[in-house]
Amino acid sequence: MEVTNKYIQYEDVRVPGGVHTVESLNYAWKEFETRDDDVFNITYPKSGTTWLQEILSLIYSNGDPTPVKTTFSWDRVPWIEQHGGRQHLENKPSPRLITTHLPFHLFPQSFFKTTAKAIYTIRNPKDVCVSLYYFSKYAQFMECREDFQDFVSLFLSKDIIFGRWFEHVKGWLTMKNNPNFLILSYEDMLKDLKGNVIKICKFLGKELNDAAIDSVVENASFQVMKDNPMSNYSAVPKEFFDKEKGKFHRKGIAGDHKNHFTPAQEEEFERIYKDCMKDINISFA
Ligand code: A3P
């Protein structure tokens, strides 16, 4: 294992060193004992992770916003692979809601022997790239590239955190026919959050009445989350997030890449996308 000042090279992926350790990654992959009623929130970074943390928390409180107003998102739906994952999860009562950015091949091996459920949210990779670019400016554990072109090059390389978007998505899509696996689209959630909340409830076997569904939708809206100190990362100390350089709830829209990519960058990205994803049938609004 190579440990750089910012990153840990773990198997074939790089992860930020500050919040991960080799021990925490080993725990997630090899030692974690999945329970049958665990629910995993899986994403490539900047694809709607925090949004799903909020939605799942609200579904499991039957629409009561108290937990999302009183407990930090990372305590409610902790990252399994981060430093502290073991302590967070071992004693957590069931059903546990668990977040991960791990690629499919480094996901907890015990999951596959259980009836636990997993939700994978996919976002347009060009918007992911833009969102991660801004994130890298204020997240102190990220390697920052001031120039957007430099960042696009990093994003398209194997040095980007958690591996390239293409391999992450392709790895997880191998699960698409598994009945315990649900795929969501960030763009579709923007268009119809209520429909997606109902879909998630159905997948999880959770029966919420109309008022509870409406409460989930309202409390998981961009504006409400942006103003919720339990979900907007405003409480994170400056050594992790420098809030003078950016904020977590930035725009929350689809298509912001159009404001950032030049025609040449767009063309290059599309060429790589088509090459990498040629056998995969997904499209983005
Ligand atoms: P932008 O940087 O494009 O605004 P993650 O939680 O995976 O790190 O993703 C962060 C991205 O999701 C950010 O995108 C953030 O604004 C957006 N986001 C967070 N909560 C959201 C919500 N309720 N609705 C829409 N987008 C949301």
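Residue numbers here run from 1 along each chain, matching the order of that chain's written sequence. In keeping with the predicted nature of the model, local features appear solely for residues at pLDDT of at least 70, side-chain atom pairs appear and are counted solely at 80 or more, and the whole-chain, interface and lining totals rest on all residues. The side-chain figures draw on all heavy atoms in the structure; neither hydrogens nor water molecules are used.

Caption draft 1: Layout of the overall build of the chain. Across its full length, the chain holds 13 helices and seven strands. Judged by the C-alpha coordinates and their principal axes, the chain covers about 50 × 40 × 40 Å. A simple rule labels every residue: compare its accessible area, found with a 1.4 Å probe on the protein chains alone, to the largest value its type can have, and call it buried under 20%, exposed over 50%, or partly exposed in between. Per-residue burial over the chain gives 53% buried out of 285 residues. Here the Shrake-Rupley method, with its probe set to 1.4 Å, supplies the accessible areas, and only the displayed protein chains count as covering residues. In the form shown here, the chain has an accessible surface area of approximately 12900 Å², with 51% of it arising from carbon and sulfur atoms. Only DSSP runs of H or I with at least four residues qualify as helices, and only runs of E with at least two residues qualify as strands; both kinds are numbered from the N terminus onward.

Caption draft 2: Highlighting the nonpolar core. Buried Ala, Val, Leu, Ile, Met, Phe, Trp, Tyr and Cys residues that are joined via side-chain atoms within 4.5 Å together make up what is termed a nonpolar core. Phe-40, Ile-80, Phe-135, Phe-155, Trp-165 and Phe-166 are the most contacted members of the largest nonpolar core, which totals 61 residues. Here the element with the most residues in this core is helix α6 (residues 125-138); it accounts for seven residues. In this description, contact between two residues means that some pair of their heavy atoms is separated by no more than 4.5 Å. With sequence-adjacent residues up to four places away left out, Phe-155 is seen in contact with Tyr-44, Pro-125, Val-128, Cys-129, Leu-132, Ile-160, Arg-164, Trp-165 and Phe-269. Judged by nonpolar contacts, the second largest core, of 27 residues, contains Val-39, Leu-52, Leu-56 and Met-225.

Caption draft 3: Structural view of the packing of aromatic side chains. Any Phe, Tyr or Trp ring, taking Trp's six-membered ring, that has another such ring centre within 6.5 Å forms a pair; planes under 30 degrees apart are called stacked, those over 60 apart edge-to-face, and the others tilted. Inspection of every chain in the model, using the stated rule, returns 38 aromatic pairs. When the ring of Tyr-27 is compared with that of Phe-32, the centres are 5.9 Å apart and the planes differ by 85 degrees; the resulting orientation is edge-to-face. Ring geometry for Trp-51 versus Tyr-186: centroids 5.3 Å apart, planes at 70 degrees, classification edge-to-face. Taken together, the positions of Trp-51 in helix α2 (residues 49-60) and Tyr-186 in helix α9 (residues 186-191) put the pair 135 residues apart, joining distant regions of the chain. Among the residues examined, Trp-51 registers a relative accessible area of 11% and is labelled buried. Taken together, the ring pairs connect Tyr-44, Tyr-133, Tyr-134, Phe-148, Phe-151, Phe-155, Trp-165, Phe-166, Phe-261, Phe-269, Tyr-273 and Phe-284 into an aromatic cluster. Distance and angle both matter: a charge sits over a ring if NZ of Lys or CZ of Arg is within 6 Å of the ring centre and within 35 degrees of the ring normal. The positively charged end of Lys-46 is found above the aromatic ring belonging to Phe-135, 3.8 Å away from the centroid. Of note, Arg-123 hangs over the ring of Tyr-186, and the distance from its end group to the ring centre comes to 4.0 Å.

Caption draft 4: Representation of the layout of surface pockets within the structure. In this structure, the largest pocket spans a volume of roughly 1000 Å³. Thr-50, Trp-79, Tyr-233, Phe-241 and Phe-248 are the residues nearest the centre of the largest pocket, which is lined by 49 residues in total. At the level of secondary structure, the elements contributing two or more residues to the lining of the largest pocket comprise α2, α4 (73-76), α5 (85-90), α6, α9 and α12 (222-226). Here the lining of the largest pocket takes four residues from α6, the largest share from any one element. Think of a 1 Å grid over the protein atoms and nothing else: a 1.4 Å probe that fits but is trapped marks a cavity, an open set flanked by protein within 12 Å on at least five of seven lines marks a pocket, and residues with an atom within 4 Å of a point count as lining. Grid points are joined across faces, edges and corners, and a volume is the space filled by probe spheres set on the points.

Caption draft 5: View of the sheet that holds strand β5 (residues 97-100). The strand order across the open sheet built from four strands is β5-β4-β6-β7, with neighbouring strands paired in parallel fashion. On the outer flanks of this sheet lie β5 and β7 (181-185), each paired with one strand and no other. With direction set aside, neighbouring strand axes in the sheet form an average angle of 20 degrees. Summarising the sheet, strand β4 (residues 39-43) and strand β6 (residues 117-122) pair through five bridges and their orientation is parallel. Each residue of the ladder has a partner; that of Val-39, found in β6, is Lys-117. Against the sheet, α2 engages β4, β5, β6 and β7, with an angle of about 160 degrees to β4. Criterion used throughout: strands pair if DSSP finds at least two bridges between them. The convention used is that axes are lines fitted to C-alpha atoms, helices contributing only their stretch in contact, and that angles between N-to-C directions extend from 0 to 180 degrees.

Caption draft 6: Structural view of the site of the ligand. When we say a residue is near a molecule or strand, we mean one of its heavy atoms is within 4 Å of it. Near the ligand lie 19 residues; those nearest to it are Thr-49, Thr-50, Ser-131, Tyr-186 and Lys-251. For the purposes of these results, a polar contact is taken to be a pair of N or O atoms within 3.5 Å, where, inside protein, one atom must be able to donate a hydrogen and its partner to accept one; residues adjacent in sequence count only when each atom of the pair is a side-chain atom. Between the ligand and Trp-51 there is a distance of 3.2 Å, counted from a nitrogen atom to a side-chain nitrogen or oxygen. In the model, an oxygen atom of the ligand is placed 2.8 Å from a nitrogen or oxygen of the Gly-252 main chain. Look at the ligand: alone it shows 570 Å² of surface, and the protein chains cover 97% of it. Contributions of two or more residues to the shell around the ligand are made by α2, α9 and α12. Broken down by element, the residue count for the shell around the ligand peaks at three residues, all from α2. In this classification, the charged set is Asp, Glu, Lys and Arg, the nonpolar set is Ala, Val, Leu, Ile, Met, Phe, Trp, Tyr, Cys and Pro, and all remaining amino acids, among them Gly, are polar. Split by residue class, the shell around the ligand holds seven nonpolar, eight polar and four charged.

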